[in-house]
Amino acid sequence: MVQRVLTGITTTGTLHLGNYVGAVRPAIAASRESGAESFFFMADYHALIKCDEPDRIETSRLQIAATWLAAGLDTSRVTFYRQSDIPEIPELTWLLTCVTSKGQMNRAHAYKGAVDANLAAGEDPDAGITMGLYSYPILMAADILMFNAHRVPVGQDQAQHIEMTRDVAQRFNHLFGQGREFFVLPEADIEKEMALLPGLDGRKMSKSYDNAIPLFEGGAKGLKEAIARIVTDSKLPGEPKDPDGSHLVTIYDAFATPAQRAEFRQQLREGLAWGEAKQRLYDLIEAEIGPMRVRYEALMAHPEKIEAILLEGAAKARAIAAPFLAQLREAVGLRRFTAVAPPQAAMATKTKSALPVFKQYREADGKFYFKLTDAQGRVLLQSAGLEQGKAAGQWVARLKQEGAAALREAPVQRDQAASEQDVLEALAALQAAEQA
Ligand code: TRP
């Protein structure tokens, strides 16, 4: 069976080199493997949880979309979309919310971390915590389960969310599946490298540590300046350096071939100056990133092109999501009222077939006539001959609308075999049908 791989990026900022090495590059590489079907998306609903600045949200999702495309994502092979373009996702979120235990959400790291911080600050435990933050893992579960992903490449910090997704999926399958496994239980693909690409100071590269090397922001100049700020020891040019203790070397490795890695280490041991080492690192990264930056800038100059690509991706995603969600709605009991004919509809059909009928016709004398028969064809009323066909039609219309009230004036006679009661009932039935 084709393995589905799915991952999302929360659109609250721009991507740095660590995101590129840890998430974007491996995801693009994986999408080129045959036998995998990939889904990548901008988790912009998740962004709203963390950010209430509309302009920042707007810019970030555009920049991140452009980054993926510039980095070589082939949208003919993968499904690339914005979470917020898929209304089935929030709908599924609700179905899942209704089977998620609150106790489990209480234990979510992000929520617990926020509570602990509040307690430490002597605040109310839930101060500043929104329901969005609290329910964050359920929205993420919907992202994954909507497309029945088998593998979810994420950072270590997201591993718990995948566990929760499996739990929720299992509960839903158990409650509503009736033997059918609606949801695949996903596996987290924890990228070792993702946690490991160090920042300027040697800690994990992260916006929050302010130690990130920008990917495209600031251009080639920005990249060079950031690399110049990588912290090294103070060994002088010519002094032998220990490559294994240096995070500059770790960053170099992330872009180098095995041969380049060996050579770089050798030169450092032989006394390569840190300044020169930084220049080599810059050249290496720029060789990979530079051509992407050109594509990135071209895309950023034409947001409408990105929009078109994303809408195409959303259509592809919804072609899967919409029919699946329809099955899930069905499973929980949100069903159309068409499977069984309701009593009201059955009655209406019966009455209709039993309705009396007016028939209009022209006789050999050239005059126009009409008659009222009951459902069985027995004549109840017979008109006189009229000069105009139109007049016959108008009387029929009046008798249907006004019933017995029009009877006194109408040019009609009751058939001898019919009782007055038969006629009144027949007209009442027609009048009721007319008003229905
Ligand atoms: N929560 C993830 C993060 O912040 C982003 C994300 C949202 C995601 N939905 C997802 C990742 C589904 C993988 C699958 O990194």
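Asker: Before we move on, could you go through the overall build of the protein chain and cite the residues and values that matter?
Answerer: Scanning the protein chain for helices and strands turns up 17 helices and 9 strands. In terms of C-alpha radius of gyration, the protein chain reaches 37 Å, well past the compact-globule figure of 22 Å for 436 residues. Taken along its principal axes, the extent of the C-alpha atoms in the protein chain is 130 × 50 × 45 Å. Looking at the protein chain as a whole, 42% of its 436 residues are labelled buried. For the protein chain, restricting intrachain contacts to residue pairs at least 6 apart in sequence, the fraction spanning at least 24 positions comes to 71%. Accessible area for the protein chain stands at about 22700 Å²; split by element, carbon and sulfur atoms hold 53% of it. Across the protein chain, the centroid of the 49 positively charged side chains sits 4 Å from that of the 55 negatively charged ones.

Asker: Summarise the sheet that holds strand 7 (residues 368-373); cite the residues concerned and give the values.
Answerer: Sheets are built from strands that pair by backbone hydrogen bonding, the pairs being arranged parallel or antiparallel. Within the open sheet, the 4 strands sit side by side as 6-7-8-9. Their pairing is antiparallel. Two strands close off the open sheet at either side, each with one partner strand: strand 6 (357-362) and strand 9 (412-414). Taken pair by pair, the neighbouring strands of this sheet meet at an average axis angle of 25 degrees, ignoring direction. Judged from the 3 bridges that link them, strand 7 and strand 8 (residues 379-383) form a sheet pairing that is antiparallel. Bridging from a neighbouring strand, Thr373 pairs with Val379 of strand 8. Together, strand 6 and strand 7 form the strand contacts of helix 16 (residues 389-402), whose direction differs from that of strand 6 by roughly 175 degrees. Across the sheet, helix 17 (residues 420-435) is in contact with strand 6, strand 7, strand 8 and strand 9; its angle to strand 8 comes to roughly 85 degrees.

Asker: How would you summarise the packing of helix 4 (residues 88-97) against helix 7 (residues 131-145) if you had to cite specific residues and measurements?
Answerer: Between two packed helices, both the angle of their axes relative to each other and the distance between the axes serve to describe the pair. At a closest axis distance of 8 Å, the pairing of helix 4 and helix 7 adopts a crossing angle of 115 degrees. Relative to helix 7, helix 4 is oriented so that their crossing is right-handed. Within the contact between the two elements, helix 4 uses Ile89, Leu92, Thr93, Leu96 and Thr97 and helix 7 uses Ile138, Leu139, Ala141, Ala142, Asp143 and Leu145. Each residue belonging to the contact of helix 4 with helix 7 can be placed in one class, and the counts come to 8 nonpolar, 2 polar and 1 charged.

Asker: Which residues make up the site of the ligand, and what values do they have?
Answerer: Neighbouring the ligand are 14 residues; Thr10, Tyr136, Met140, Asp143 and Gln158 lie closest to it. Measuring from a nitrogen atom of the ligand, one finds a side-chain N or O atom of Asp143 at 2.7 Å. Separating a nitrogen atom of the ligand from a side-chain N or O atom of Gln158 is a distance of 2.9 Å. Protein chains bury 90% of the 370 Å² of accessible surface belonging to the ligand in isolation. For the shell around the ligand, the secondary structure elements donating two or more residues are strand 1 (3-10), strand 2 (36-43), helix 7 and strand 4 (151-154).

Asker: Hey, could you go over the packing of aromatic side chains for me, with residue numbers and the actual values?
Answerer: The geometry of an aromatic ring pair is captured by the separation of the ring centres together with the interplanar angle, meaning the angle of the planes. One pass over the full model with this rule turns up 15 aromatic pairs. Taken together, a centroid distance of 5.5 Å and an interplanar angle of 50 degrees make the contact between Tyr81 and Phe147 tilted. Of the two residues, Tyr81 is situated in strand 3 (residues 79-82) and Phe147 in the loop between helix 7 and strand 4; the sequence distance between them amounts to 66 residues. Under the relative-accessibility criterion, Phe147 is labelled buried at 0%. On the basis of an interplanar angle of 55 degrees and a centroid distance of 4.9 Å, the ring pair of Phe172 and Phe176 is categorised as tilted. Of this pair, Phe172 and Phe176 both sit in helix 8 (residues 159-176), separated by 4 residues, roughly a single helical turn. On the basis of relative accessibility, which here comes to 25%, the residue Phe176 falls in the partly exposed class. These aromatic residues form a ring-pair network of at least three members: Phe172, Phe176, Phe182, Phe183 and Phe324. For Arg25, the ring lying beneath its charged end belongs to Phe255, and the centroid distance is 5.2 Å. Over the face of the ring belonging to Tyr209 we find Arg203, whose NZ or CZ atom lies 4.1 Å from the ring centre.

Asker: Requested: an account of the domain arrangement of the protein chain, with residues and values cited.
Answerer: Often, the extent of an interface is quoted as the loss of accessible area on bringing the components together. Per the domain assignment, the segments of the protein chain are domain 1 (3-197 + 302-323), domain 2 (216-300) and domain 3 (341-435). Distance from the C-alpha centre of domain 1 to the C-alpha centre of domain 2: 32 Å. Facing the 16 residues of domain 1 at the interface are 15 residues of domain 2. Area buried by domain 1 at its contact with domain 2 is led by Leu17, Tyr20 and Ala70, which between them contribute 32% of it. On the surface where domain 1 and domain 2 come into contact, there are 1 salt bridge. Close ionic contact of Arg25 with Glu288 constitutes a salt bridge, the shortest N to O distance being 3.1 Å. Between domain 1 and domain 2 we count 7 residue pairs in polar contact (both at pLDDT 80 or more) in total. Among the secondary structure elements, those contributing two or more residues to the side of domain 1 that touches domain 2 are helix 1 (17-32), helix 3 (54-70) and helix 14 (303-332). No other element matches the 6 residues that helix 3 contributes to the side of domain 1 that touches domain 2. Considering only residue class, the side of domain 1 that touches domain 2 consists of 11 nonpolar, 4 polar and 1 charged.

Basis of the calculations
- Numbers given to residues run from 1 along each chain, matching the order in which its sequence is written.
- The predicted origin of the model limits local features to residues at a pLDDT of at least 70 and limits the giving and counting of side-chain atom pairs to 80 or more, whereas totals for whole chains, interfaces and linings rest on all residues.
- Note: side-chain values were computed over all heavy atoms of the structure, leaving out hydrogens and water.
- By the criteria applied, helices consist of DSSP H or I runs no shorter than four residues and strands consist of E runs no shorter than two, each listed in order from the N terminus.
- Radius of gyration here is computed from C-alpha atoms only, and the compact-globule reference equals 2.2 Å multiplied by the residue count raised to the power 0.38.
- Buried means the residue's accessible area, taken with a 1.4 Å probe over protein chains only, is under 20% of the maximum for its type, while exposed means over 50%, and partly exposed covers the values in between.
- We call two residues in contact when some of their heavy atoms are within 4.5 Å.
- Method for areas: the Shrake-Rupley scheme with a 1.4 Å probe, in which residue coverage is limited to the protein chains shown.
- When charges are counted, Lys and Arg are positive and Asp and Glu negative, with His and the chain ends excluded.
- Charged groups are reduced to one reference atom each: NZ for lysine, CZ for arginine, CG for aspartic acid, CD for glutamic acid.
- Strand pairing is assigned whenever DSSP detects at least two bridges linking the two strands.
- Axis definition: a line fit to C-alpha positions, over the contact stretch in the case of helices; interaxial angles, taken between N-to-C directions, run 0 to 180 degrees.
- For any helix crossing, the convention is left-handed if the near helix is rotated counterclockwise from the far helix by under a right angle, and right-handed if that rotation is clockwise.
- Under the scheme applied here, ten amino acids are nonpolar (Ala, Val, Leu, Ile, Met, Phe, Trp, Tyr, Cys and Pro), four are charged (Asp, Glu, Lys and Arg), and all others, including Gly, are polar.
- Note on terminology: near, applied to a residue and a molecule or strand, indicates that one of the residue's heavy atoms is within 4 Å of it.
- We define a polar contact as two N or O atoms separated by no more than 3.5 Å, with the added condition that, inside protein, one atom must be a possible hydrogen donor and the other a possible acceptor, whereas residues neighbouring each other in sequence contribute only through side-chain atom pairs.
- Any two rings among Phe, Tyr and Trp, with Trp reduced to its six-membered ring, count as a pair given centres within 6.5 Å; such a pair is stacked if its planes are under 30 degrees apart, edge-to-face if over 60, and tilted if neither.
- Charge-over-ring placement is defined geometrically: NZ (Lys) or CZ (Arg) within 6 Å of the ring centre, and within 35 degrees of the ring normal.
- Each domain's extent is set by a domain assignment, obtained either automatically or from a database.
- Joining two parts hides part of their accessible area as seen by a 1.4 Å probe, and the buried area is that hidden amount summed over both.
- One side-chain nitrogen of Lys or Arg within 4 Å of one carboxyl oxygen of Asp or Glu is enough to make a salt bridge.

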